[in-house]
Amino acid sequence: MAFTVLIVDDSVTMRSVIKRTLEMANIAVGELLEAGNGDEALGIMQQKEVNLVLADINMPGMNGIEMIERMCADDRTRRIPVVVISTEASTARIEQLQEKGIVGYVHKPFSPEIIRDVIFEVIGACHAKS
Amino acid sequence: MQKVSEDVLVESLTEALETTAFMMAMLPDPQEELVTPSRGVLVHVEFSGPVSGTVELWAGDEFSQMMAANVMGLDPDDDAVKNNGVDAVKEMVNIISGVLLAKLADSPADVFNLTVPEAQQQPDAAAWQAYVAQDNVIVLDVDGFAVAARLITTE
């Protein structure tokens, strides 16, 4: 099964790094979509079927936390797994994100192996669900 | 306190550059004169929480291109690299700030709020000289490139 992955980060550079990591990890990505903030991402999710969201938190316009809250409030998006990739290091804030339903967390700076392992774990969980 | 702040900034910058861009940062060898940048960008992030302040990084254009190439895994002449040098510096300052705040926190649960990185173009070598002449600015040798940074804290 090929996954449609949506990368949400305001940095073109970081989106490029994440894309390269997915390619290097041999993850079966069918379509790779990109958004520069939460608002753009929600728009894409209304138009396309997305299987996995990889999202930053600190972004201009709608940030990652508000995007996750809006996803949770919408039947169309509430079941899409979200992995947060962020510089956030506060355990309190990471717990808050987990309570909102994120399925994985990767702390920047990260090595490609870490991001690959988290995504494999999530994809495995998705297979188990389906 | 200032010495502690400088040490934390150097450690954070070193860790972020090594992990993300595979570049080595060190204090300059006083015997060797670093080539100073003629044009560049000054990026800053403001943070608030148990400690508040600003993280700044002054990066020359050549350094920005090389770092973007390393981070993206592309050739320095690639158009994607040429167009995203400033973006790469902004993301690097974001990452440095994250590493630094984890070191400044009293507890792992401490919450900090960060602004989105902002960049100001620096047009000439005079801008570099004026910046590094300020208090508490540290200059580092990153793979032969001179890079300047500053941490300003307000309790």
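Up top you'll find the structure we're talking about.
Given the structure is predicted, the values throughout are model-derived calculations rather than measurements.

1. Overview of the overall build of chain B
Now for step 1: The helix and strand tally for chain B stands at five helices and seven strands.
Now for step 2: For chain B, the sequential pattern of α-helices and β-strands runs α-β-β-β-α-α-α-β-β-α-β-β.
Now for step 3: On C-alpha atoms alone, chain B measures out to a radius of gyration of 15 Å, which is about the 15 Å that the 2.2 N^0.38 rule sets for 155 residues.
Now for step 4: Taken over the C-alpha atoms alone, chain B extends approximately 45 × 35 × 25 Å along its principal axes.

2. Concerning the nonpolar core
The nonpolar side chains of a soluble globular protein tend to be buried with one another.
Now for step 1: Counting residues in hydrophobic clusters, the biggest one holds 61 residues, and the most contacted among them are I18 and L54 of chain A together with L17 and M67 of chain B.
Now for step 2: Ranked by residues supplied to this core, first place goes to helix 4 (residues 85–104) of chain B with ten residues.
Now for step 3: Those residues within four positions of M67 of chain B in sequence are excluded, and the remaining contacts are L17, A21, M23, A88, V89 and M92 of chain B.
Now for step 4: In this structure, M62, M71, V84 and Y105 of chain A belong to the second largest nonpolar core, which totals 25 residues.

3. Some details on helix 4 of chain B
Turn by turn, an α-helix covers 3.6 residues, leaving residues three or four places apart pointing in a common direction.
Now for step 1: Its 20 residues place the ends of helix 4 of chain B 28 Å apart at the C-alpha level, agreeing with the 28 Å of an ideal helix rising 1.5 Å per residue.
Now for step 2: Of all 20 residues in helix 4 of chain B, 16 are buried; the element is thus mostly enclosed.

4. Considering the packing of aromatic side chains
All names here are of chain B.
Now for step 1: Throughout the structure, instances matching the rule amount to three aromatic pairs over all chains.
Now for step 2: Pairing F47 with F112 gives two aromatic rings, centres 6.4 Å apart and planes at 75 degrees, and the pair type is edge-to-face. Here F112 lies in the loop between helix 4 and strand 4 (113–114) and F47 lies in strand 2 (residues 40–48), a separation of 65 residues in the sequence.
Now for step 3: Under the relative-accessibility criterion, F47 is labelled buried at 3%.
Now for step 4: A centroid spacing of 5.1 Å and a plane angle of 85 degrees characterise the contact between W58 and W128, whose relative ring orientation is edge-to-face. Within this pair, whereas W58 is found in strand 3 (residues 52–60), its partner W128 is found in helix 5 (residues 125–132), the two being separated by 70 residues in sequence.

5. Observations concerning the interface of chain A and chain B
Now for step 1: Across the boundary between the two partners, chain A contributes 22 residues, which contact 25 residues of chain B.
Now for step 2: Both sides of the chain A and chain B interface together cover about 1,900 Å² of buried area, and 55% of this is carbon and sulfur.
Now for step 3: Of all residues in chain A, the largest losses of buried area upon contact with chain B belong to T13, N58 and P109 of chain A, amounting jointly to 30% of the total for that side.
Now for step 4: At the surface where chain A touches chain B, the tally comes to one salt bridge.
Now for step 5: For the salt bridge of K108 of chain A with E91 of chain B, the shortest nitrogen-to-oxygen distance reads 2.8 Å.
Now for step 6: For the side of chain A that touches chain B, the secondary-structure elements that each account for two or more residues are helix 1 (12–24) and helix 4 (91–99) of chain A.
Now for step 7: The leading source of residues in the side of chain A that touches chain B is helix 1 of chain A, at six residues.
Now for step 8: Tallied by class, residues from the side of chain A that touches chain B come to nine nonpolar, seven polar and six charged.

6. Here's the deal with helix 3 (residues 64–72) of chain A
All names here are of chain A.
Now for step 1: Within helix 3, the full set of buried residues consists of G64, I65, M67, I68 and M71. Looking down the long axis of helix 3, one finds its buried residues gathered within 160 degrees of arc, a one-sided arrangement.
Now for step 2: Looking at the buried residues of helix 3, the elements they touch are strand 1 (3–8), helix 2 (38–47), strand 3 (52–55), strand 4 (82–86) and helix 4.
Now for step 3: With a side-chain oxygen lying 3.1 Å from the backbone nitrogen of I65, the N-terminal cap of helix 3 falls on N63.

Analysis parameters
- Residues numbered from 1 in each chain as written.
- Chains lettered and ligands numbered in written order.
- Predicted model: local features only at pLDDT ≥ 70, side-chain atom pairs only at ≥ 80, totals over all residues.
- Heavy atoms only, no water.
- Helix = DSSP H or I, 4+ residues; strand = E, 2+ residues; numbered from the N terminus.
- Rg over C-alpha atoms; globule rule 2.2 N^0.38 Å.
- Core = buried A, V, L, I, M, F, W, Y, C linked by side-chain atoms within 4.5 Å.
- Buried < 20%, exposed > 50% of the residue type's maximum accessible area, 1.4 Å probe, protein only.
- Contact = heavy atoms within 4.5 Å.
- Expected span 1.5 Å × (residues − 1).
- Phe/Tyr/Trp six-rings, centres within 6.5 Å; stacked < 30°, edge-to-face > 60°.
- Buried area = accessible area lost by both parts, 1.4 Å probe.
- Salt bridge = Lys/Arg side-chain N within 4 Å of Asp/Glu carboxyl O.
- Nonpolar A, V, L, I, M, F, W, Y, C, P; charged D, E, K, R; others polar.
- Arc of directions from axis to C-beta.
- Polar contact = N/O pair within 3.5 Å; in protein donor to acceptor, adjacent residues only side chain to side chain.

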